[in-house]
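Each chain, letter by letter, is given below.
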Amino acid sequence: MSSTTRLYTKLEQCKQNKDFYQAHQICRTVYVRLRSTNNDESILQFLFESACYFLEHNQSNSGYDLCKCYIETLNRSKITDLTDNLIQQICILFQSLKCFHDERTEFACNALRWSSQIPYQSEQDEQLPVLRTESNSSFSSSILSTLTESNSASEASKKVNIHRTGHPKLHEAFARILWDQEKNYKDSRYHYLHSDDGRSFAIMLIEAHQTLGYPSEIDLFIAQTVLQYLLLRNFHTAYLVFITYVEQHPKIRQPPPGPFNQVYPMLNFLWFLLLCLKKTLIKVPINNNSNNASGEPNQRLDIVPSSETTHCFSSLVNAYKPSLERDSTLIQYVEKIGTLFFGLKQKSSSTSSNPFENLMNSLTANLSNSMRGREQHQADLDLEVD
């Protein structure tokens, strides 16, 4: 009988006798020996089963020590794919650490940090909703007529990304556990925000609003989410989470663009903002062979916004000022979106303390520069003609 076989036999005896200390020591010894085999799959399976055993018997120190060995093995391994089996093992360990908050948080952070190096093939092939152009408001009609003009066809694409905050699939798995099993909406929301599962996120937000929110906050729940997705430059998921929320929330149940004008003006603002960004970002077919290592979603971010879309953006901000002023955080988000996507200048330290005033000043300056640029261009053309 080999020494390794004897160790396994002794380990089983210790488990049967509930000799947790000795069992932990043997697990550590086996782990050191397995490392020399470079068989990552076998090592991970052994550590996973051993950690589960200790955590099931409330041996948090021993269990978490083996969880750390599990992460250590992942970091040392040459694994290049986040398989379903790996996600399942990580999630079971995550669930088993529920009663140990600090250890669980550290484990999740380390697992996500490791997963951030795993390439993620984003498959964003869902068709964006077909727009209805009717509207009860002259302002809405004018905005829609500008934003629903046909763009060049955009192709569904598969694109390999690296996500600095962790693999979206692992974030999605953590989010589902925190929502479905623990009703921890706050932490679930964080993980969903770093995933690409906009539809499930929307259903969770609906449940969270009905459970924890006031009726008047029905639009704020989705507003923060959409704007935060846009700040993460994840336009596609922002679009999906908004569509699903307004279609399935029992108090709304209205696909956009719906009659939001009087009841939920914030929803109107979000929808028109998404249309502005759609017109700006989705202009040309995406090169399926291009790779993006910045963690950004599948859309063009190198397109200079036109004066037309910038004007629409400024009109939206001005028209929905009362809705935005309900929460100063929303104004800050919109200001950053204006900088990211519409070429607005960031405010300097000497600007006003009123966030909305700063935003409007940026919009005014940007439109003035755009007008001067067009006038100069026309003057140059006139000179050439002469």
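Anything mentioned here points back to the structure above.
Quick look at the structure, then. Everything numeric in this text was worked out from a predicted model, so none of it was measured.

1. As for the overall build of the protein
Secondary structure assignment for the protein yields 17 helices and two strands. The burial tally for the protein puts 47% of its 386 residues in the buried class. For the protein, contacts bridging at least 24 residues in sequence account for 71% of all contacts bridging at least 6. Taken as a whole, the protein presents about 19,400 Å² of accessible surface, with 47% of it coming from carbon and sulfur.

2. Remarks on the packing of aromatic side chains
Scanning all chains against the criterion turns up twelve aromatic pairs. An aromatic cluster of at least three residues, connected via ring pairs, comprises Trp179, Tyr192, Phe201 and Tyr229. Its end group placed over the ring of Tyr53, Lys15 keeps NZ or CZ at 5.0 Å from the ring centre. Its end group placed over the ring of Phe94, Arg104 keeps NZ or CZ at 3.9 Å from the ring centre.

3. Concerning the pattern of salt bridges
Within the structure shown, the criterion is met by eight salt bridges. A salt bridge links Asp197 to Arg176; the nearest nitrogen and oxygen atoms lie 2.9 Å apart. In this pair, Asp197 is assigned in the loop between helix H9 (185-193) and helix H10 (198-212) and Arg176 in helix H8 (residues 168-181), connecting sequence segments 21 residues apart. The exposure class of Asp197 is buried, given its relative accessible area of 13%. Measuring nitrogen to oxygen at the nearest pair gives 2.9 Å for the salt bridge that ties Lys183 to Glu207.

4. Some words on helix H3 (residues 40-56)
The first and last C-alpha atoms of H3 sit 24 Å apart over 17 residues, in line with the 24 Å expected at 1.5 Å per residue. Of all the positions in H3, only Ile43, Leu44, Phe46, Leu47, Phe48, Ser50, Ala51, Cys52, Tyr53, Phe54 and Leu55 are classed as buried. Where H3 is buried, its residues contact helix H1 (3-16), helix H2 (20-35), helix H4 (60-76) and helix H5 (84-96). Backbone geometry just downstream of H3 places Asn58 in the positive-phi region, at approximately 60 degrees.

5. Remarks on the packing of H10 against helix H11 (residues 218-231)
Between H10 and H11, whose axes approach to 9 Å, the crossing angle comes to 145 degrees. In terms of crossing hand, the pair formed by H10 and H11 is right-handed. Contacts between H10 and H11 involve Phe201, Leu205, Ala208 and His209 on the former and, on the latter, Ile218, Phe221, Ile222, Thr225 and Tyr229.

6. Some remarks on the side chain of Thr225
With respect to the helices and strands, the residue Thr225 is situated in helix H11. With sequence-adjacent residues up to four places away left out, Thr225 is seen in contact with Arg189, Leu193, Phe201, Leu205 and Val241.

7. Describing the layout of surface pockets
Size it by volume and the second largest pocket reaches roughly 380 Å³. Lining the second largest pocket are 19 residues, and of these Phe94, Thr105, Ala108, Asp187 and His191 sit closest to its centre. Among the secondary structure elements, those contributing two or more residues to the lining of the second largest pocket are helix H6 (101-115), H8 and H9. In terms of residue count, the dominant contributor to the lining of the second largest pocket is H6 (seven residues).

8. Focus: the environment of Ser323
For Ser323, the location among the structural elements is in helix H15 (residues 321-324). Residue class for Ser323 comes out buried when judged on its relative accessible area of 8%. In this structure the C-alpha to C-alpha distance between Ser323 and Met266, which are 57 residues apart in sequence, comes to 5.8 Å. If near-sequence neighbours (up to four positions away) are discounted, Ser323 is found in contact with Pro265 and Met266.

9. Topic: the packing of helix H13 (residues 265-281) against helix H16 (residues 328-341)
Packed helices, taken two at a time, are described by their axes: the angle between them and the distance between them. The geometry of H13 relative to H16 is characterised by a closest axis approach of 12 Å and an angle of 15 degrees between their N-to-C directions. Considered as vectors, H13 and H16 are oriented roughly parallel to each other. When the axes of H13 and H16 are compared, the crossing they make is left-handed. Between H13, through Met266, Phe269, Leu273, Leu277, Thr280 and Leu281, and H16, the contact on the second element is made entirely by Leu330, Val334, Ile337 and Phe341. A breakdown of the residues in the contact of H13 with H16 according to their chemical character gives nine nonpolar, one polar and no charged.

10. Regarding the environment of Leu7
Examined against the element boundaries, Leu7 turns out to sit in helix H1. A C-alpha to C-alpha distance of 8.5 Å links Leu7 and Thr29, two positions 22 residues apart in sequence. Aside from chain neighbours lying at most four places away, what touches Leu7 is Ile26, Thr29, Val30 and Arg33.

11. Quick look at the nonpolar core
Ranked by size, the top nonpolar core spans 55 residues in total, and within it Leu230, Phe242, Phe269 and Leu270 carry the most contacts. Looking at which element gives the most residues to this core, the answer is H13, with twelve residues. For this core, the two domains that each supply at least three residues are domain 1 (1-123 + 163-196) and domain 2 (216-284 + 302-348). In this view, Leu270 contacts Ile222, Ala223, Val226, Leu227 and Phe242; residues no more than four positions away in its chain are not counted. Grouped together as the second largest cluster of nonpolar side chains are 47 residues, Leu7, Cys27, Val30 and Cys91 included.

Definitions and cut-offs
Residues numbered from 1 in each chain as written. Predicted model: local features only at pLDDT ≥ 70, side-chain atom pairs only at ≥ 80, totals over all residues. Heavy atoms only, no water. Helix = DSSP H or I, 4+ residues; strand = E, 2+ residues; numbered from the N terminus. Buried < 20%, exposed > 50% of the residue type's maximum accessible area, 1.4 Å probe, protein only. Contact = heavy atoms within 4.5 Å. Areas by Shrake-Rupley, 256 points an atom, 1.4 Å probe, with all protein chains shown as cover. Phe/Tyr/Trp six-rings, centres within 6.5 Å; stacked < 30°, edge-to-face > 60°. Lys NZ or Arg CZ within 6 Å of the ring centre and 35° of its normal. Salt bridge = Lys/Arg side-chain N within 4 Å of Asp/Glu carboxyl O. Expected span 1.5 Å × (residues − 1). Axes fitted to C-alpha atoms, helices over the stretch in contact; angles between N-to-C directions. Left-handed = near helix turned anticlockwise from the far one by under 90°. 1 Å grid on protein atoms, 1.4 Å probe; cavity = no way out; pocket = protein on both sides within 12 Å on 5 of 7 lines; lining within 4 Å. Points joined across faces, edges and corners; volume = space filled by probe spheres on them. Parallel < 35°, antiparallel > 145°, perpendicular 65-115°, else oblique. Nonpolar A, V, L, I, M, F, W, Y, C, P; charged D, E, K, R; others polar. Core = buried A, V, L, I, M, F, W, Y, C linked by side-chain atoms within 4.5 Å. Domains from an automatic or database assignment.

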